[in-house]
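# A closer look at the structure
For reference, the chains in residue letters:
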Amino acid sequence: MSEGTMHQPAQREHSDQQRAKRLGRLLVCAAAVPVMLIAAGCSSDSGSDDGAGKDTTGPGATTSADATAAPTVQAAAYKKLPEPCAVLSKKTLTDLVPKGAKSGKEGASSDTASRGSCSWTSLDNNGVKGSQFRWLNVSLLRFDSSQTQGEGDKLAAAYYAKQVREAQSVAGAKNAKSEPVAGAGDEATAVRYDLKKKEGAFKQQTVVARVENVVVTIDYNGAGLAGDKAPSADTLTKAAEKAAKEAVAAVTSANGTGAGAGSGSGSGSGGAGGTPSKSPSKSPSKTASPSASASKSAAKSDAKAPAATASSAADKS
């Protein structure tokens, strides 16, 4: 065997080893390509997420604070009430309660800026001919605006309607009649009826008026006791309406808006578009409205006074 022939196997073996190494390197590279592609894909997705996150903070994004921001409530037109025992002139009191013009008794109130009342009692004793009895009560209730309950004038309007309904549905009332009253705030209604009691036949008048965010209620009744004749319902109603107009004027005057009787619109225009704040403030008010139930209970308590007083007067006569 020649020397050249001996070298051929060795050369082939060396050539095979080199091809094997090259194949191994190709396989390693081929395996690395998918890994690089996957890494690149992950990097691309991550970048996309980051971009989306940044977009949520862009100019058009809406924050949770903006979405839950509470709307502002316009402040009420009137911020205080006049002294309840001073809302009627001396002449008016003399006409309505001739023997009791100076007998005004102010009702208890935990917040005189929101509620107040005053009552007068008159007994004109005519001896054997009997007696003329009169009882007058003025109630004032003011509503503030609040974020939870709404604007003061709307709260007052709801309470006004409730007061009218209650006056129209008194148990035992006879000859009931209701009519609107002009010139007494934004809205007013007079309700009258006859009510038979053991002391006699009473003529009851209730005038409910609203001016801006304040409700004025006038209760006025009269009776002829111990044989005296019953008073005229028409005369008593006119007197009660006059008292309501004076009380409304006192409310507007106390708040620095003159002696006007309201705007005449449902919302009012006493300065703040009909919501709270006598000298119409445009800043929102967070004060809660007064408790109507407290005023109602006080009114019911006062309503019992006429009968008790009349009974006492009848016994004396």
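A few words now on the nonpolar core. Among the nonpolar cores identified, the biggest contains 33 residues, and Leu88, Trp120, Leu136, Val216 and Ile218 are the most heavily contacted of them. Within the residue set of this core, elements represented by two or more residues are α3 (90–96), β2 (115–125), β3 (131–142), β5 (187–197), β6 (200–211), β7 (214–225) and α5 (233–254). In terms of residues, this core owes the most to one element, α5, which gives 9 residues. Non-local contacts of leucine 136, meaning those with residues more than four positions away in its chain, are made with Leu88, Leu93, Leu96, Val97, Cys118, Ser119, Trp120, Ile218, Asp219 and Tyr220. Membership of the second largest hydrophobic core comes to 9 residues, among which are Phe143, Leu155, Ala156 and Val208.

A few words on the packing of aromatic side chains. The full count for this structure, using the stated rule, is 2 aromatic pairs. Ring plane angle 80° and centroid distance 6.1 Å describe the contact between phenylalanine 133 and phenylalanine 202, whose orientation is recorded as edge-to-face. Of this pair, phenylalanine 133 sits in strand β3 while phenylalanine 202 sits in strand β6, placing them 69 residues apart in sequence. Comparing phenylalanine 133 with phenylalanine 202 shows no difference in burial state: the two are buried.

Under the definition given, this model contains 1 disulfide. Between the sulfur atoms of cysteine 85 and its disulfide partner cysteine 118 the distance amounts to 2.0 Å. On the S-S bond that ties cysteine 85 to cysteine 118, the torsion sits near 95°, and the link is right-handed. With a gap of 33 residues between them, cysteine 85 in the loop between α2 (64–68) and α3 and cysteine 118 in strand β2 connect regions that are remote in the sequence. Look at cysteine 118 and you get buried, because its relative accessible area is 1%.

Looking now at the pattern of salt bridges. Following the criterion strictly, the structure yields 8 salt bridges and no others. Its salt-bridge partner being arginine 210, residue aspartate 186 comes within 3.6 Å of it at the nearest N-O pair. One end of the pair, aspartate 186, is in the loop between β4 (174–180) and β5; the other, arginine 210, is in strand β6, and 24 residues separate them in sequence. Per residue, the accessibility class of aspartate 186 equals that of arginine 210, and both read buried. Close ionic contact of lysine 203 with aspartate 194 constitutes a salt bridge, the shortest N to O distance being 3.2 Å.

For the rest of this paragraph, the subject is unusual backbone geometry. Phi at asparagine 175 is positive, roughly 55°, even though this residue is not glycine. Topologically, asparagine 175 is positioned in strand β4. Residue asparagine 175 is classed as exposed on the basis of its relative accessible area, which comes to 60%. Phi is positive for alanine 226, which is not a glycine, with a value near 55°. Position of alanine 226 relative to the elements: it lies in the loop between β7 and α5. Take alanine 226: its relative accessible area is 44%, and that puts it in the partly exposed class.

One open sheet accounts for 7 strands, arranged β1-β2-β3-β7-β6-β5-β4; its pairing is antiparallel. In this open sheet, the two edge strands, each paired with only one partner strand, are β1 (105–106) and β4. Relative to β7, β6 runs antiparallel, the two being bridged by 10 bridges. Of the residues in β7, the one forming a bridge with glutamine 205 is tyrosine 220. This element, α5, spans β3, β4, β5, β6 and β7 of the sheet and lies at about 30° to β6.

Definitions and limits used
- Residues numbered from 1 in each chain as written.
- Predicted model: local features only at pLDDT ≥ 70, side-chain atom pairs only at ≥ 80, totals over all residues.
- Heavy atoms only, no water.
- Core = buried A, V, L, I, M, F, W, Y, C linked by side-chain atoms within 4.5 Å.
- Buried < 20%, exposed > 50% of the residue type's maximum accessible area, 1.4 Å probe, protein only.
- Helix = DSSP H or I, 4+ residues; strand = E, 2+ residues; numbered from the N terminus.
- Contact = heavy atoms within 4.5 Å.
- Phe/Tyr/Trp six-rings, centres within 6.5 Å; stacked < 30°, edge-to-face > 60°.
- Disulfide = S-S within 2.5 Å.
- Salt bridge = Lys/Arg side-chain N within 4 Å of Asp/Glu carboxyl O.
- Pairing = 2+ DSSP bridges.
- Axes fitted to C-alpha atoms, helices over the stretch in contact; angles between N-to-C directions.

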